[in-house]
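# Close look at the chain arrangement
So you can see what is in the structure, the chains are spelled out below.
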Amino acid sequence: MAKAKTNSEDYLRMYRQMVRIRSFEDNANQLYLSAKMPGLTHMYSGEEAVAVGICEALKTTDKITSTHRGHGHCVAKGADFKEMFCELLGKEEGYCRGKGGSMHIADQSNGNLGANAIVGGSMGIATGSAFTAKMLGKDDVTVCFFGDGATAQGLMYEVMNMAALWNLPVIYACENNGYSEYTKTEEIAAGSITARAEAFGIEAHQVDGQDVLAVNKLANDLVARARKGEGPFFIELMTYRYHGHHVGDINREYYRSKDEEKDWKDNRDPIIRFRAHLVNEGLATEEEIDALNAEIAKDAEEAVKYALDAKYPDVSEVDMHVFSDIKHALA
């Protein structure tokens, strides 16, 4: 019989996952700044407690859909560093054989149906996934991650209407990081965001997205209820992105102040807060956490080196996955 998990094991895993996301993003940012990574990417740093708190409540067979800021969701749902860095660098060992890149990573083995460069674009996919689970009699739950800016998309209201009518096992998770690209949320979102879901009869909650335990507690409750057919649900998670809208958005003072960024980093960082909790509760020592951080940093460094040295896909793959009558290279 498998040994039952203790709070210490669960909490240390959540801490590890948050640090893994931060480490991945730090390295991805450096790859961009050193001109080794093609295209743009959107950093998830600062929002780690959202992805980890929710994904830790899910089974591998549960599904998620992601966003253009999706690395955190991918890592939290079980993705490996090597395959992720290979994908960012366009290498054949990437999750999508290097064809998806930063904004289109999908990891079907862990239930990640994919990131999406269209704002709110995965809402229909997530709702369809939940509908599929219900039609097939499965107890799988789907979580749809999206930002506050996506609440202006009409698709959100179409799918919430269907999900409410059909009691679908889907959780709409709005990551409200205070900004829709370069505009404050309150300047683009009229009224209450949770009230929009409540208008469809969907139970809605707001939670501190910097508190991984609060996020995980709520997620565990809602996921369990969704499995029993009590869904859908809506969560607004109050969080913050440390970087700009994308890695090229460096001079941000025209839309938010350095003092604001410093306050979030110094006083509301989800990793620092959770580290302090682990130490104060006697679940880990400072030395143990430092060793864990060093181990993760080493893993990320080795994965980056591996990805930089990895092969690019062969040119014969250019039309693979595009036309149905083209033989798959791995067939």
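Before going into details, it helps to say that this report is about the structure given with it. Everything numeric here is computed off the predicted structure, so don't read it as measured data.

### Structural notes on the packing of aromatic side chains
The final tally for this structure, using the stated rule, is 11 aromatic pairs. Both rings, one in phenylalanine 24 and one in phenylalanine 85, keep their centres 4.3 Å apart while their planes meet at 25°; by these two values the pair is stacked. Taken together, the residues phenylalanine 24 in helix 1 (residues 7-33) and phenylalanine 85 in helix 4 (residues 81-88) connect sequence positions 61 residues apart. Ring geometry for tyrosine 254 versus tyrosine 255: centroids 5.1 Å apart, planes at 75°, classification edge-to-face. Judged by relative accessible area, tyrosine 255 falls into the buried class, the value being 9%. Each member of the aromatic cluster is reached from another via a ring pair, and the members are Tyr179, Tyr182, Tyr254 and Tyr255. Directly above the aromatic system of tyrosine 306 lies the positively charged group of lysine 82, at a separation of 4.5 Å from the ring centroid. Just above the ring of tyrosine 312 sits the side chain of lysine 91; from NZ or CZ to the centre is 4.7 Å.

### Thoughts on the sheet that holds strand 2 (residues 142-147)
The five strands lie next to each other as 1-2-3-7-6, forming an open sheet whose pairing is parallel. Two strands in the sheet have a free side with no partner beyond their single neighbour: strand 1 (63-65) and strand 6 (203-208). Ignoring strand direction, the axes of neighbouring strands in this sheet form an average angle of 20°. Here strand 3 (residues 170-176) pairs with strand 7 (residues 233-238) via six bridges, running parallel. Bridge pairing in strand 7 places alanine 173 opposite isoleucine 235. Against the sheet, helix 8 (residues 212-227) contacts strand 3, strand 6 and strand 7, and its axis sits at roughly 160° relative to strand 6.

### Remarks on the side chain of arginine 22
Counting through the fold element by element, arginine 22 comes out in helix 1. Accessibility expressed as a relative area gives 17% for arginine 22, which makes it buried. Engagement of the side chain of arginine 22 in a polar contact is seen with the side chain of glutamate 48, the distance being 2.5 Å. Beyond its immediate stretch of four places on either side in the chain, arginine 22 contacts Ser45, Gly46, Glu48, Tyr242, Asp269, Pro270 and Ile271.

About the criteria used
- As a convention, each chain's residues are numbered from 1 in the sequence order in which they are written.
- Only residues with pLDDT of at least 70 are given local features in this predicted model, and only at 80 or more are side-chain atom pairs given and counted; all residues enter the totals for whole chains, interfaces and linings.
- Computation of side-chain values covers all heavy atoms of the structure but excludes hydrogens and water.
- In this analysis, rings of Phe, Tyr and Trp, with Trp reduced to its six-membered ring, are considered paired at centre separations within 6.5 Å, and the interplanar angle assigns stacked below 30 degrees, edge-to-face beyond 60, and tilted for intermediate values.
- Helix and strand assignments follow DSSP, with helices taken as H or I runs no shorter than four residues and strands as E runs no shorter than two, numbered in order from the N terminus.
- The buried label goes to any residue with under 20% of its type's maximum accessible area, the exposed label to any with over 50%, and the partly exposed label to all in between, with areas taken from a 1.4 Å probe on protein chains only.
- As a reminder, the over-ring test applies to NZ of lysine and CZ of arginine, requiring each to be within 6 Å of the ring centre and within 35 degrees of the ring normal.
- A pair of strands counts as paired when DSSP detects no fewer than two bridges linking them.
- Here an angle of 0 to 180 degrees is reported between the N-to-C directions of two axes, which are lines fitted to C-alpha atoms, with helices fitted over the stretch in contact.
- Contacts are residue-level and defined by heavy atoms, with any inter-residue pair within 4.5 Å sufficient.
- Each polar contact in these results corresponds to two N or O atoms within 3.5 Å; when the atoms are within protein, one needs to be able to donate a hydrogen and the other to accept it, and residues that are neighboring in sequence are counted only if both atoms are side-chain atoms.

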